[in-house]
Amino acid sequence: MTASHGAYGNADATTTATSNAASSNGAASTDESLNARVRTSKSPRPNKWGIIIAAVVAIAIIVGAVAIFNGRNAQQSANKADTVTIGLKLAPPSLDIRRQSGSAIEQVLIGNVYEGLVSRDSDNAVQPGLAKSWDISTDGTTYTFHLNRNMTFSNGDALDADDVAWSINQLKEKQYYNANQVESLSKAEALDANTVRITLSSPDSNLLWYLTGRPGLVFDKDATYNAKTQAVGSGPYTVESFDSASKMVLKANPKYWGTAHKPATQHVVIDFITDDNAAVNALKSGDVDVLSPVNATLAKSLDANTYHVSASDGSDKFVLAFNCANKKLADKRVRQAIRYGINHKEIIASRGGVDAALGGPIPSVDPGYEDLTGLYPYDVAKAKQLMREAGYSISKPLKLTLTYANTYGTELGDQLKSQLAAISIDLNINYVEFSTWLQDVHANGDYELSLVDHAESHDFYKWTMPEYYYHYDNKDVQALYAKALAANDEKESDEYLKQAAKTVSEDAPADWLFGYRVTVAYNKGVKGFPDKLSQTVLPLWQISKAE
Amino acid sequence: MRFVAKRLLLFIAALVGLSILVFLALRVLPGDVAAVMAGTNATAARIAALRTQMGLDRPLPVQYVDWLGGLLHGDLGISAISGRSVVSQVGARAAVTFPLIVLSLAIALLIGLPLGCAAVITRNRRWRGLFHVLAIVGGAITALWSGLLLILLFSHGSGLLGLFPSQGFPNDGWKDCGRAMASLVLPALATGITAGAGIMRYTRAALGDAAQSQAVSMAMACGMTRRQALLRVGLRLSMPQLVSVIGLTFAQMITGVMVVENLFALPGLGSMLITDVGNRDLIAVQSELFLLAAFFLLLGLAVDMAHHALDPRLNTASDDVQEVL
C-alpha cells in the first residue's frame with residue numbers, strides 16, 4: 001500500500017526514502033504474518049492434548065455405555081419375574097398360520113394364540129380343546145363336537161359353533177395349509193350355538209389328530225385383520241409384537257375364556273436365535289431362560305447344577321429318499337445296498353450321540369411304530385455283493401447325486417459320500433438352498449437322492465401318494481393304509497399301519513438316517529416347560545419362573 | 001450447474017438400468033415364494049393357486065412395469081411372506097446397520113488418519129517399518145476372524161473380560177440407547193480395524209505424495225517445520241483423495257458389515273437380505289436391493305460433488321462450483 005502510494009505520489013526524489021519505508025513496512029508485515037503462523041502452528045502441544053482429550057472422551061463414552069448397560073441388566077433381572085424368555089432356533093416367517101408353511105408357526109401359535117376344536121398333549125395324544133367332548137358315529141363318518149360355553153376371542157367377539165363351522169368350511173374351500181390332511185372331511189355345520197357336526201366322505205381314524213393341528217383351528221369369522229402381522233385367536237396369549245428376525249412377545253390374554261389354562265406368566269418372550277453358539281451364550285448370560293432346541297454337543301458344556309438338560313423322542317425323521325422313478329434307483333438291489341452300506345451309529349455318534357436310530361417311516365411317537373432297525377443292519381459285505389449283482393464295482397462305480405438343503409450342514413453329505421464310496425457308489429453332493437430344494441426335488445421330483453428332515457407327525461400318508469416326490473407306488477401299502485384309516489379300533493388301525501410301514505421299509509424307497517431327538521435346556525428356576533415334543537406342541541400357559 | 005445436472009441425469013439413468021438388472025437377475029434363481037410358503041406338504045395345485053394369488057404367473061414385463069410403477073409412486077411394495085411394507089422392513093433393519101456402519105467408520109478414521117499421518121511424518125526407519133507392518137497386518141485381518149477374537153476376549157458370558165454383549169440387539173431397539181450402543185461396539189471394532197488399516201494406507205500414500213509436492217516445500221520455505229507443512233498444507237492437498245476413499249469405504253461397509261452382522265446375530269440389512277432371498281420373496285428383495293444400490297449411487301454422487309468442492313482445479317467453470325457450494 002505505502003509502496004504504491006509512494007510510487008504514484010512522488011517521483012525520483014523520494015524514491016529511496018519511500019522504498020526504504022515500503023521495504024521496511026513490507027518486511028515487517030511479512031515477518032508478522034510469518035511470526036503469527038509460526039506462533040500458531042509452533043504449538044504442537046494443544047494437538048497432543050487434543051488427542052489425549054479425544055481418547056479420554058472416547059474411553060469415557062465406552063465406559064459410560066458399559067455402565068449404563070450393566071445397570072440396565074441389573075434392573076432387568078429385578079423385574080423379570082413376570083417374563084419368561086425362551087430361545088427357539090426357527091422363527092415363523094409370518095403369523096399367517098392358514099397359508100404359511102413350517103413347523104415353527106404351529107409350535108408358537110397353536111394352543112397359545114390360536115386354539116383348535118381339540119388339542120394335543122406332550123404325549124402326542126388327543127385332548128379336549130374348544131370342544132369339551134365329542135361323539136363318533138358307529139360308521140366313523142359323523143363327528144359331533146360339544147363346545148365349551150361362553151368362549152371369546154381376544155378381540156372380545158364370542159366364539160360359538162358358527163365360527164367353528166365357518167373355519168373348517170373355509171379351510172376346505174380356500175384349500176388352506178394342510179387342508180389335504182383332512183381330504184375325507186366333506187363339511188362342518190353348526191347344529192346349535194354349542195354343537196358342531198362334521199361329516200366325512202369316508203372314515204378316517206386320523207381325523208381327530210389332524211384336527212389338533214392347523215385344520216382344526218378356529219378363527220373369528222367377523223374379524224378383519226392382517227393375518228400375516230396380527231393374530232386374533234382364542235388362546236391364553238395374544239401376540240404383542242412380532243419380528244421374525246428377532247423375537248415375538250406374547251402377553252397374557254385378559255379376555256381368555258378358559259379357567260384351566262390361565263397363563264402363569266404375564267409375558268413370554270420368544271427369541272429366535274439361529275446360531276447354536278449364540279444360543280448357548282444367551283442361556284449362560286441369562287438373556288434367555290430356556291433353549292429349545294439346544295445343540296446336543298454344546299449342551300454338554302452346561303453346568304448340571306444350574307441347568308436342566310434333557311433329550312426326548314420327537315417326530316423328526318431325517319429321510320434319505322431314493323427317487324424310485326429314476327432308472328438307476330428303480331433297481332431294488334441298489335436301494336437295498338445303500339441301506340446296508342450306511343453306518344447309522346457313526347452318523348449319530350458324530351452328531352453328539354443323542355439321536356435315535358430309525359428303521360422305517362413311522363417315528364416312535366406316532367401310532368403304528370415298531371423298531372425296524374433290524375431290517376437293514378450295517379453290512380458292507382452284503383451291500384457290496386448287491387452292488388456287484390446290479391453290475392457295479394469299485395472300478396465301475398455307480399454315479400449318484402444327493403441334493404439337500406444347506407440348512408442341515410455339510411457333515412451329513414460328506415459322511416454319506418465316504419460311507420457309500422466303500423460300496424462302489426460315487427456320490428456327488430449338490431448342496432442347495434432350501435427354496436431350490438423345494439423347487440427341484442419337492443415340486444418337480446427331479447433328483448436322485450434327497451435328504452430332508454420331515455418333522456411332521458402322522459405323515460405316513462406321503463408313502464401312499466405316488467405323485468409325492470418319493471415317487472413310491474405300492475398298491476399293498478396303499479390298501480393297508482386305507483384299512484388303517486377305516487378301522488374303528490385303535491389297535492386294529494395300529495396293526496395295519498405297522499404292516500404298511502414294514503412293507504415300505506423292506507422296499508427300501510429311502511433310508512431313515514435317524515430320528516432327531518430334541519435336546520432342551522433350561523434354567524432350573526423355570527417350571528412347566530414340556531420336556532417332550534416341544535418342537536411341535538409348546539403350551540406356554542404353564543410356564544413360570546421362580547425368582 | 002451443468003456438472004450437477006449431468007451427474008443427476010446419469011444418476012437417474014443408472015437407477016433405471018439398475019432396476020432392470022435387479023429384476024432380471026432375481027428371476028434367474030430357481031424356486032419361488034409360493035413353493036416356500038406352501039412347504040413340504042403342498043400339492044402342485046396348492047402351489048399353483050398361491051402363484052395365481054400372488055400374481056407370479058403373470059408375464060415378466062407386466063410384473064416389471066407393475067413394480068416400476070410402484071417405485072415411481074414411492075411404493076416399494078409389500079413382502080409376500082411377512083406382509084410388512086418393504087419400507088418399514090428396511091427402516092427397521094437400517095436402524096441397526098447404519099449406526100453400525102457409522103460407528104465402524106468412526107473407529108476406522110480414528111485408527112487410520114492419525115496412524116497414516118504419523119507414518120509419513122516420522123523419519124525414524126524403525127517407526128516407519130512398524131507402521132508399514134501395522135497397515136499390512138491390519139488390512140489382512142478379516143472381520144470374521146477379528147470378530148471371533150473380540151468375542152473370545154470381551155464378550156459377556158464367554159469372554160475373558162465380560163464387557164460387551166456379543167450376540168443380538170436389544171429387543172426394544174434404541175429405546176435403551178446405552179444397551180443398543182454396547183451391542184454394536186464389538187461388531188464395529190471388528191469391521192473398523194480392517195477398514196482403519198485401509199484408510200491408514202490411503203492416508204499414507206496421499207500424504208506421501210503431497211510431501212513431495214512443491215506446495216509443501218513452499219510452506220517449509222516460508223518457515224514451517226516439516227510436520228507443520230505436512231499437517232496444514234499437505235493434508236489439505238490430499239483431502240479430496242481421502243474423501244473419495246472414505247466414501248468408498250462407507251459403501252464397502254454396507255456389504256462388509258453383513259458378515260459381521262451374521263457373526264454377532266444382529267438383525268440388520270444383511271440378515272434381512274439373506275432371509276428374503278432364502279424365502280424367494282422377490283418383490284421384497286428387488287426393492288431392498290434397489291434401495292441399497294440407489295444409496296450406493298447417491299453416495300457416489302455426494303463424493304463426486306464433495307470432490308469438486310474440495311478441489312477447485314477440477315472445475316473449468318469455477319462459477320458452477322460456487323453454486324454447488
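Just so it is clear, the structure is predicted and the values come from calculations on it, not from any experiment.

Student: Would you mind going over the sheet that holds strand E15 (residues 317–322) of chain A with me for this structure?
Tutor: As a general point, the strands of a sheet are linked pairwise by backbone hydrogen bonds and lie either parallel or antiparallel. Residues and elements named next belong to chain A. With mixed pairing, the five strands of this open sheet are ordered in space as E17-E16-E18-E15-E19. Of all the strands in the sheet, the pair left with one neighbour each is strand E17 (425–432) and strand E19 (510–515). Put simply, the sheet's adjacent strands are angled 20° from each other on average, direction ignored. Bridge count for E15 against E19 is five bridges, and the pairing is antiparallel. Looking at E19, one finds that Lys 317 is bridged to Gly 515. Helix H14 (residues 434–443) contacts strand E16 (398–405), E17 and strand E18 (449–454) of the sheet and is inclined by roughly 125° relative to E16.

Student: Explain helix H12 (residues 282–310) of chain B to me, please; I cannot follow it from the model alone.
Tutor: One full turn of an α-helix is made of 3.6 residues, so residues set three or four places apart face in the same direction. With 29 residues, H12(B) should reach 42 Å at 1.5 Å per residue; the first-to-last C-alpha distance of 41 Å fits that figure. Residues of H12(B) that are buried include every one of B:Leu282, B:Ile283, B:Ala284, B:Val285, B:Gln286, B:Ser287, B:Glu288, B:Leu289, B:Phe290 and B:His308, and no others.

Student: Help me out: how do you make sense of the pairing of strand E8 (residues 185–192) of chain A in this one?
Tutor: In the case of a regular strand, side chains alternate between the two sheet surfaces. All names here are of chain A. Pairing between E8 and strand E9 (residues 195–200): six bridges, direction antiparallel. Looking at the pairing, Ala 188 lines up with Ile 198 of E9. In textbook terms, the turn of a hairpin is the stretch between consecutive antiparallel strands, and for E8 and E9 this stretch comprises two residues.

Student: Before we go on, may I ask you to explain the UniProt feature "domain: Solute-binding protein family" (unreviewed entry) in chain A in this structure?
Tutor: As annotated by UniProt and renumbered to match this structure, "domain: Solute-binding protein family" (unreviewed entry) occupies residues 126–457 of chain A. Secondary structure content for residues 126–457 of chain A is 26% helix and 27% strand, while the C-alpha to C-alpha distance between its ends is 13 Å.

Student: Help me understand the sheet that holds strand E5 (residues 142–147) of chain A, please; the structure alone is not making it clear to me.
Tutor: All names here are of chain A. One open sheet accounts for four strands, arranged E4-E5-E9-E8; its pairing is antiparallel. With one partner strand each, in any of the chains shown, strand E4 (131–136) and E8 form the two edges of the open sheet. Pairwise comparison of adjacent strand axes, ignoring direction, gives a mean angle of 20° for this sheet. Bridge analysis of E5 against E9 gives five bridges, and the strand direction is antiparallel. Bridging from a neighbouring strand, Thr 142 pairs with Thr 199 of E9. Across the face of the sheet, helix H5 (residues 161–174) comes into contact with E5, E8 and E9 while running at roughly 165° to E8.

Student: Whenever I open this one, unusual backbone geometry confuses me. Can you help?
Tutor: In most cases, non-glycine residues show a negative phi, while peptide bonds are predominantly trans. All names here are of chain A. Cis rather than trans, the peptide bond between Ser 292 and Pro 293 has omega equal to 0°. Along the chain, Pro 293 turns up in the loop between strand E13 (290–292) and helix H8 (296–299). Positive phi, close to 50°, is recorded for Gln 175, a residue that is not glycine. With respect to the secondary-structure elements, Gln 175 resides in the loop between H5 and E8.

Student: It is not clear to me how the domain arrangement of chain B should be interpreted in this structure. Could you clarify?
Tutor: How big an interface is tends to be expressed through the accessible area that disappears when the partners come together. Residue and element names in this part refer to chain B. When cut into domains, chain B gives domain 1 (1–73) and domain 2 (94–320). Inter-centroid distance (C-alpha atoms) of domain 1 to domain 2 is 33 Å. Contacts between the two partners involve 18 residues from domain 1, matched on the other side by 15 residues from domain 2. At the level of secondary structure, the elements contributing two or more residues to the side of domain 1 that touches domain 2 comprise helix H1 (2–27) and helix H2 (33–38). At 11 residues, H1 tops the list of elements feeding residues into the side of domain 1 that touches domain 2. Among the residues forming the side of domain 1 that touches domain 2, the class breakdown is 13 nonpolar, two polar and three charged.

Student: Is there a simple way to think about the interface of chain B and chain A in this case?
Tutor: With 44 residues of chain B in contact, the opposing surface of chain A contributes 44 residues. Those elements giving two or more residues to the side of chain B that touches chain A turn out to be H2, helix H3 (44–54), helix H8 (177–212), helix H10 (226–263) and helix H11 (269–278) of chain B. In terms of residue class, the side of chain B that touches chain A is built from 19 nonpolar, 19 polar and six charged.

Cut-offs applied
- Each chain has its residues counted from 1, running along the sequence as written.
- Labels follow written order: the first chain is A, the first ligand is 1, and so on.
- pLDDT decides what is reported in this predicted model: residues at 70 or higher carry local features, side-chain atom pairs at 80 or more are listed and counted, and totals for whole chains, interfaces and linings draw on all residues regardless.
- Strands were regarded as paired on the criterion that DSSP finds at least two bridges between them.
- Starting at the N terminus, helices and strands are each numbered in turn, a helix being any DSSP run of H or I of at least four residues and a strand any DSSP run of E of at least two.
- Orientation is described by axes fitted as lines to C-alpha atoms, over the contacting stretch for helices, and by angles from 0 to 180 degrees between their N-to-C directions.
- Think of it this way: build a C-beta for each residue from its backbone, and any pair within 7 Å is a contact.
- Any helix carries an expected span of 1.5 Å times its number of residues minus one.
- Neighbour density around each residue's C-beta defines its exposure: 20 or more other C-beta atoms within 10 Å make it buried, 12 or fewer make it exposed, and counts between make it partly exposed, where C-beta atoms are placed from the backbone.
- UniProt positions are given in the numbering used here, feature names are shortened, and annotations may be inferred rather than shown by experiment.
- Note that domain bounds follow an automatic or database assignment of domains.
- Here the nonpolar group is Ala, Val, Leu, Ile, Met, Phe, Trp, Tyr, Cys and Pro; Asp, Glu, Lys and Arg are the charged ones; every other residue, Gly included, is treated as polar.

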